Structure formats: structure tokens, C-alpha cells
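Each chain is listed here by its residues.
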Amino acid sequence: MMENQDNILHEVTQSDYKYGFYTDIETEVIEKGLNEQVVRTIWEKKGEPDFMLEFRLNAYRKWLKMEMPDWAYLKIPPIDFQAISYYAAPRKKPKYESLDEVDPELLDTFNKLGIPLEEQKHLSGVAVDAVIDSVSVKTTFKETLAEKGIIFCSFSEALKDHPDLVKKYISMAVPVGDNYFAALNSAVFSDGSFCYIPKGVRCPMELSTYFRINAANTGQFERTLIVADEDSYVSYLEGCTAPMRDENQLHAAVVEIIAMDRAEVKYSTVQNWYPGDKEGRGGIFNFVTKRGICRGESSKISWTQVETGSAITWKYPSCILLGNNSVGEFYSVALTNHHQQADTGTKMIHIGKNSRSTIVSKGISAGVSDNSYRGLVKIMPGAANCRNFSQCDSLLMGDKCGAHTFPYIEVGNSSSIVEHEATTSKIGEDQIFYCNQRGISTEDAIGMIVNGYAREVLNKLPMEFAVEAQKLLAISLEGSVG
Amino acid sequence: MCVSVEGKEILNGINLEIKAGEVHAIMGPNGSGKSTLANVLAGKDGYEITAGEVTYMGEDLLVQAPEDRARKGIFLSFQYPVEIPGVPMVSFLKTAVNEHRKFRGDKPLSAGEFLKLMREKKKLVELDTELTNRSVNEGFSGGEKKKNEIFQMALLEPKLSILDETDSGLDIDALKIVAHGVNALKSPETSTIVVTHYQRLLDYIVPDRVHVLYKGRIVRSAGKELALELEEKGYDWIKKDNANQP
Ligand SMILES: Nc1ncnc2c1ncn2[C@@H]1O[C@H](COP(=O)(O)OP(=O)(O)O)[C@@H](O)[C@H]1O
Ligand SMILES: [Mg+2]
């Protein structure tokens, strides 16, 4: 593992945000602004079935009546929703059947990002759906997965090839009018990933969606829907980056997970959207709704997130524990530096009996950033014998940043037990000196200490992602000491 | 050399010369400035050097970053070793060893080579094998922490080792093991500063010189017999002799 330490050091000293490049590809962008006609245009461009027009317009009308949420511990500058273009796509071809057809610039982009789209080159069998500016450009290993009956494709393809499945499950976890950003997403989302694991199937490889914003002045609104049928298992990864730009860009995604009886879904995210520069210029506004329903008994949904990017993060991956004996987990590392703001956490709603949930949240704040944990644990009156354990830790670097914890706990019966622990600590000068005294530089020492602090969460990530995440944590803290 | 912390003078007039191959003991009552001296030599932040200089192998030591001093062979065995939760001892040590190697221009050790080296050095201080799988110093007993310091010394092979009360908190068996480890690492090229309250450790690590530090000043220096004298008479006579110190 420490093999990587040298590489990390190299990267730490090398660059600030190494994914900040822009790819010059021909892009089709529709007029800025949002109205019913724009919603129709998106629907037409995508050639979606009729029920989707209904779905989108319904969402749009709900959104019009809603207001930006203001309860988070965030200073959100006004967003002009008419100044954004709601659809951008690489012009060449909507979807590539073979790699020969892919724009070489685009291929190069994903190679630079470390996401090779050539299957034979691929690391250890991770199937990738690559989404650039809201459009899926390539899904790898589709055939291999199809042999097991697994559907893994872009959302657009799913609407063409499996409309009934999509219709059955879409908005089951996140209703159209759930919140302002979910409503907006439902009205204008352009693509994303769809995944269906049939009964009794263990998905033989990690499934992954890689999101990339490229075009300027566009919003990215993608949607992911994962359905795990009875007795199935899947581990899903999500990564994201964006070019460096001075203006802010909006990202409002929706992720829904449905787990049937005894199904298990692991969803891991390494969020590395452009965070803005050191003065707080630019960066992605990340307003994301992620929710899973454990519909079946003994089903399990596990969220793991490493959040290092975005200027503003507003995100609460949640579990509705409907099935008896179902399990919900949330493991999170959220790092903020410079002027970043994050308000993130989870909701665990216990409806089924004997349902259990675990929350481990590790906040790291540096610079003049603000980092908040916001969590709700709700146990319904009928949900007997439920358990929740929450651990919320904050680590502060310097004295100009903020860490805040907002835990909400509602327990509706007396047979359930909820435990909450919270700690706040400063990164210890003594710890750094101890490392220095053994020949380790301060920069490396901090990377090491922070990774140690986050270990419990990093351990939940699939191996390759864990290495990536460790590097990210170290890089993101560059320049935060001294 | 004179040193202050937050405007308070803690060391005022230290004069020491340590040659290669020598062992110097620094003794003195609590609060006399022993740890301060050790920390200043290792380069800990927060001390103001108000006067004086320190030369190490012909170079000005005080301008150097602590990690560079370490890489050039200065090792501090901490009086209170620090815990670093979640960082496995093995990774910590491998990073440290490879930083030292990089500084010398040697290739980094592979995981296999490092484990082999570790097994070898563990024997020296009879360190429980399982300890290196834990997080740095986390859940170690007092004695284990001290053994672990000497284990690290063995891995890093320093030129100047400063042992700050490495004997405190050790039972007699552990004390012997630790002393044996330190002696085994001694060579004509290495020097050692042993900071201690008690004569006990000096039975096993025999010093060439003994210095008594009191109120930030070296008030007496002599051969190893001084330690015995202190043991016999306690620190009171030193205190009495220096009663009119500020
Ligand atoms: N960081 C500090 N701030 C203020 N006073 C300090 C600090 N560190 C040490 N001192 C003071 O300096 C004196 C010497 O301390 P120390 O070097 O730890 O002594 P010893 O190791 O000999 O017991 C003590 O009076 C102690 O209180
Ligand atoms: Mg001391």
C-alpha cells in the first residue's frame, strides 16, 4: 500500500487539480434557458417513449412551484436557471458500438482520466459506463454481463430497450417532487446509467459510471437507477471530474437504488468535481439526491462516499429500510479545503422490523472551508427492535475552518436502540513532529494522518478505488499547512 | 545555547560537545529542561533559540527542517511516543525507512525486503510481532511504546540517538532488553545522549560523560561516577549548591 506513497508525493507536489483540462470536441448544446418547450426538446432529442414526456413535464411543473432549499449550512449564491443550457452532447454520434468510432479526442480524455475504454486494457474487470456532458459515450463489458442476464447500459438505451423496467422502478426511491433539485433533474435529465441484476445473480465485476463535465455553461443532470432483484448482489462505483473554469457549474444528479428480498447493493463514490481555485473562484455546485429503498426483507444497501471536490456539496445518500431485517449503511469522508463548503450526511428511515443501520462520517476541514454533517435517524412506531449506530468525527486543520454536526434522531418505539457518538479533533502538531522526526515530510505526514483518520471508511471501498481515494485526500490537502 | 518558550527562558547556557562513539548521560530533576533540549535538537516547533548555535557534522543544525535532521541521522526516542490512529505501524515504518534511503540515494525497499528487515530488528528488542500490525503506538502499553522507539532506532540506524527517559515505565526485564538493544546498535561512528532521572539505566548503558541539568543550565559534568554520586545523595545537594540561581 505504501508503494503508492512515493507516487502520491509526486502527485502532491505536481499539481493542484490534475483533471482540469478541457477537451476540444464538437459539442451540440441547446439554447440556454428552461421552459416547457426545452423539456419537450430534450425528450424529442432523446427519442424517449411517451410516458417520459408525461414524467418530465410533471416534474417541471412541480419544480416551478418549489423553492431552493435554504436549510443547509451553506452560502449558496443565487443561481440563474435561465443562464444554463440543459443539454450538451458530443456531436459525433450518440453512442458508439465499437471503439473505432469513438472520437480520438474523447478516447484520449478518458485515458487521461485513467479510465481506459478499451476492454482488453482494462485493469481488473470493471465495467464502465462513460458519461460526458450528460451523454453516455461507451459502456464496456456489456456482452459479458448480458450472459448473466445483467442489464448495464446508459439510461437512454434502457428507455429504448427496457422501457417497462424503467417505468416500473423510476422515481420509486426519489419521487419526482421530492425536492427542488430532484424535480429539476426529473424534468431535464439527459442520460446516466441503468442497471438491473436479475434474481439470484451475483454481478461478477464492479460496475462503474464515470461522469465528466466538459462543455461550458451547461448543467449536468444525470440519473442512475439500480435495481437488484431477489438474492442478487452488485457493487457499483461512481467517479467524476470536470475542467477548471472560473464560473460555477451546476450538477444536479439523482441516484436511485432498489433492493428486493435479500439483495445487496454497494454503492461507492469518489467525488472529485472541480472544487474551485484557492480564492474560491469557480467550481461545481453539486446538489445531488441519492436514495435507496431496501424493499425486500433482509436486503442491504451500503453507501460509501469520498467527497473531495465541488465548490458546494449538498448531498445526503439515504436508505429507506422498508423490509424487515434490512440493513442500511453510510460511510463517508468529506474533505473541504480553501473556500469549499459541504453539507452532507444521510437519512436512515426505519420502517421494517429489526432493521439496522450504521453511519460513519469523517469530516476533514482545512483552509477557510465549512464542513457539516447532517443526518436523520428515524425509527417508525411499528419498526420494533431496530438499531442504529452513528459515529460522526470532525478533523480540523488550522483555525479558520469550520466543522458542524447536525444529528436529528426520532425514535418512535421503546424496543429500538439508537447510539450516537461524535468527536472533534485538531490535526496534532505532535503527530506531525513524530512523523518529521522519522524523516517524513510534513506534507506526507498530513496525508498519512488524514488517511489514517479516514481508514475505516476507505476500507469499505473496492481496492483500486481505495488507492485512488488515498491519493485524492493527500492531494486535496496540498498547501493547507505552514 | 539559550532557548525560550513563549517568552519564558527554559535553557540558559548549555555547552556540550559529543564526539562520535561517545555516550553522554543528561540527568536532572523534573522540569529542568531535558526534554526541551532533546526537542530543540530534533527540531520541534515552538521554541525560540535566543542565543547560541548547534553544529552537527560540521553543519548548522538549527536551520534545518526536522525531517532533514532525521534523514541525516538524528533520532529522538520520545518520552511520550505519539499515537496516530488508523496508520498501521508497518506502513509508517516503511515510509520512514524509504525516506531515509531516498535521502542517501538508495533504492526503496520492496514490501518483501522491508518485512525481512523488520523481522530481524524486532528480535533485537523482543517486540511482539503483532504490534507492528496495529496503528502507530495505539493501544501499546507504556513499556511497548518504549521498546517500539528502540525498534525504530534499530530500523533507521541513526548517527546521533537521543533517548528521552526511555527507561521510565519499564520493568527491570524490559529495561535490560532496551539497554541491550541500544548497546547492540552502538558503534565507533554513533553517539548517544541518554536522558534519565535514574542511575539504573546507566548500569546497562555505560556513559562516557554525565551532565547534570538544573534550571536550564548544565551545573556539573563528570565521568560515570557522577551518576552514582547522584543516586546516593539525590538531587538536593545540586539544588542547594545552585539555590541562588534565578
Ligand atoms: N511548551 C511549553 N510551554 C511553556 N513551558 C514549557 C513548555 N515546554 C516545557 N516548558 C517548561 O520548561 C521547563 C522544562 O521542561 P522539560 O524540558 O519538559 O523538563 P524535563 O524534561 O527536564 O522534565 C518546565 O518548567 C516546563 O514547564
Ligand atoms: Mg522530560
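Here the structure is a predicted model, which is why all the values come from computation and not from measurement. (Residues numbered from 1 in each chain as written. Chains lettered and ligands numbered in written order. Predicted model: local features only at pLDDT ≥ 70, side-chain atom pairs only at ≥ 80, totals over all residues. Heavy atoms only, no water.)

A.B. asks: Lay out the pairing of strand β11 (residues 254-259) of chain A with the relevant residues and their values.
C.D. replies: All names here are of chain A. Judged by how many residues are buried, β11 sits mostly within the fold: six of six residues are covered. As paired strands, strand β8 (residues 222-228) and β11 are joined by six bridges and run parallel to one another. Bridge pairing in β11 places A228 opposite A259. As defined by bridge partners, β11 adjoins strand β13 (residues 283-294) across six bridges and the pair is classed as parallel. (Buried < 20%, exposed > 50% of the residue type's maximum accessible area, 1.4 Å probe, protein only. Helix = DSSP H or I, 4+ residues; strand = E, 2+ residues; numbered from the N terminus. Pairing = 2+ DSSP bridges.)

A.B. asks: Tell me about the sheet that holds strand β7 (residues 74-77) of chain B, residues and numbers included.
C.D. replies: Across a sheet, strands are paired by hydrogen bonds formed along the backbone, either parallel or antiparallel in direction. Residues and elements named next belong to chain B. An order of β7-β10-β11-β3-β12-β13 is seen for the six strands of this open sheet, with the pairing classed as mixed. Strands at the two margins of the open sheet, each flanked by one partner only, are β7 and β13 (217-222). Pairs of neighbouring strands in the sheet enclose a mean axial angle of 20 degrees, with direction left out of account. With five bridges joining them, strand β10 (residues 160-164) and strand β11 (residues 191-195) adopt parallel strand pairing. The residue of β11 that forms the bridge with S161 is T192. (Axes fitted to C-alpha atoms, helices over the stretch in contact; angles between N-to-C directions.)

A.B. asks: Lay out the side chain of N388(A) in plain terms, naming residues and giving numbers.
C.D. replies: Residue and element names in this part refer to chain A. Position of N388 among the secondary structure elements: in strand β21 (residues 387-396). A polar side-chain atom of N388 sits 2.9 Å from a polar atom in the side chain of S390. Residue contacts for N388: discarding those within four places in its chain leaves H350, S357, I359, V377, I417, V418 and E419. (Polar contact = N/O pair within 3.5 Å; in protein donor to acceptor, adjacent residues only side chain to side chain. Contact = heavy atoms within 4.5 Å.)

A.B. asks: How would you explain the nonpolar core if you had to name every residue and give the values?
C.D. replies: Within the largest apolar cluster, 103 residues are counted, with the highest numbers of intra-cluster contacts made by I364(A), V450(A) and F92(B). The contacts of V450(A), once residues within four sequence positions are left out, are I364(A), L395(A), M397(A), I427(A), L473(A) and L477(A). Counting 61 residues, the second largest nonpolar core, distinct from the first, contains W63(A), I151(A), F181(A) and A183(A). (Core = buried A, V, L, I, M, F, W, Y, C linked by side-chain atoms within 4.5 Å.)

A.B. asks: With reference to specific residues and values, describe the sheet that holds strand β2 (residues 8-12) of chain B.
C.D. replies: Residue and element names in this part refer to chain B. Pairing in this open sheet of three strands is antiparallel, and the strands run β2-β1-β4 from one edge to the other. Looking at the sheet topology across the chains shown, the edges are occupied by β2 and β4 (48-51). Averaged over neighbouring strand pairs, the angle between their axes works out to 35 degrees when direction is ignored. Of the pairings in the sheet, the one linking strand β1 (residues 2-5) to β4 comprises three bridges and is antiparallel in character. Among the inter-strand pairings, C2 is bridged to a residue of β4, identified as A51. The strands touched by helix α1 (residues 34-42) within the sheet are β1, β2 and β4, with β2 carrying the most contacts at an inclination of about 85 degrees.

A.B. asks: Now, about the packing of aromatic side chains: what can you tell me, with residues and values included?
C.D. replies: All names here are of chain A. Counted by the stated rule, this structure contains 22 aromatic pairs over all chains. A centroid spacing of 5.4 Å and a plane angle of 75 degrees characterise the contact between W63 and F81, whose relative ring orientation is edge-to-face. Taken together, the positions of W63 in helix α3 (residues 50-64) and F81 in the loop between α3 and β2 (88-90) put the pair 18 residues apart, joining distant regions of the chain. Neither W63 nor F81 differs from the other in exposure class; each is buried. Between F181 and F287, the aromatic rings sit 4.1 Å apart at their centres with planes inclined by 15 degrees, giving stacked as the arrangement. Remark: F287 occurs in strand β13 and F181 occurs in helix α8 (residues 180-188); sequence separation between them is 106 residues. Taken together, the ring pairs connect Y60, W63, W71, F81, Y180, F181, F285, F287, W314 and Y316 into an aromatic cluster. (Phe/Tyr/Trp six-rings, centres within 6.5 Å; stacked < 30°, edge-to-face > 60°.)

A.B. asks: So, unusual backbone geometry: which residues are in play, and what are the values?
C.D. replies: The phi angle at D231(A) is positive, at roughly 55 degrees, despite the residue not being glycine. Taking the relative accessible area as the measure of exposure, D231(A) reaches 37% and is therefore partly exposed. Even without being glycine, K215(B) reaches a positive phi, approximately 50 degrees. Within the secondary structure, K215(B) sits in the loop between β12 (209-214) and β13. The exposure class of K215(B) is partly exposed, given its relative accessible area of 37%.

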